[in-house]
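A structural walkthrough
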Amino acid sequence: MTRPVKAMPLSRDALLSRATTGYFGNVGRHALEDVMAHIALDAVMRIVGRSLCYKGAAAIRAHFEEFLATYPRVDVEIYHAFADETAQRACVHFEITLQDSAGSVQVMRNANHFAFDETGLINDVLIFMTDTPGAGFAAGNSR
């Protein structure tokens, strides 16, 4: 296994692009491999107040496989995106519309906080949700 090459610190624009286009854009397109290309092997994704935690790329992949299978329609509208070059972090406030295969729609206004490792990959995601969908979040959960 080759080790990822250390990247220079990401610029503000690069941090925002990886969070908005690399992560959210690919989730909305159901492009799982492209989402995972932005996730570090040791990444952790936590959903605050929901007892949901996905540790490692395999658990995050399992979560997204279930999530994307549960919601054939995922629309993300980004309201605000912020980046801190010094800390190598980004925060995105957004509205997400989820529609399951039965046609039920749920709209949430959330915020994701991203931290990037020395290779420029996402290694920590802290998610604040206004609501929890009823399905699509069990796979990969370590809690």
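Attention in this report is confined to the structure presented alongside it.

Parameters at a glance
- Residues numbered from 1 in each chain as written.
- Predicted model: local features only at pLDDT ≥ 70, side-chain atom pairs only at ≥ 80, totals over all residues.
- Heavy atoms only, no water.
- Salt bridge = Lys/Arg side-chain N within 4 Å of Asp/Glu carboxyl O.
- Helix = DSSP H or I, 4+ residues; strand = E, 2+ residues; numbered from the N terminus.
- Pairing = 2+ DSSP bridges.
- Axes fitted to C-alpha atoms, helices over the stretch in contact; angles between N-to-C directions.
- Contact = heavy atoms within 4.5 Å.

**Describing the pattern of salt bridges**
Opposite charge on two side chains lets them pair, provided their charged atoms get close. According to the stated counting rule, one finds 6 salt bridges in the structure shown. Asp-124 is the salt-bridge partner of Arg-46, the closest N and O atoms lying 2.7 Å from each other. Here Arg-46 is found in strand β1 (residues 39–47), whereas its partner Asp-124 is found in strand β6 (residues 122–128), with 78 residues between them in sequence.

**Focus on the sheet that holds strand β3 (residues 73–84)**
The strand order across the open sheet built from 6 strands is β2-β1-β6-β5-β4-β3, with neighbouring strands paired in mixed fashion. Where the open sheet ends on each side, the last strands, each with one partner, are β2 (52–55) and β3. Recorded for the sheet is a direction-independent mean angle of 20° between the axes of neighbouring strands. Pairing between β1 and β2: 4 bridges, direction antiparallel. Bridge pairing links Ile-47 to Leu-52 in β2. With respect to the sheet, helix α1 (residues 12–28) is in contact with β1, β3, β4 (89–99), β5 (105–116) and β6, its orientation differing from that of β3 by roughly 170°.

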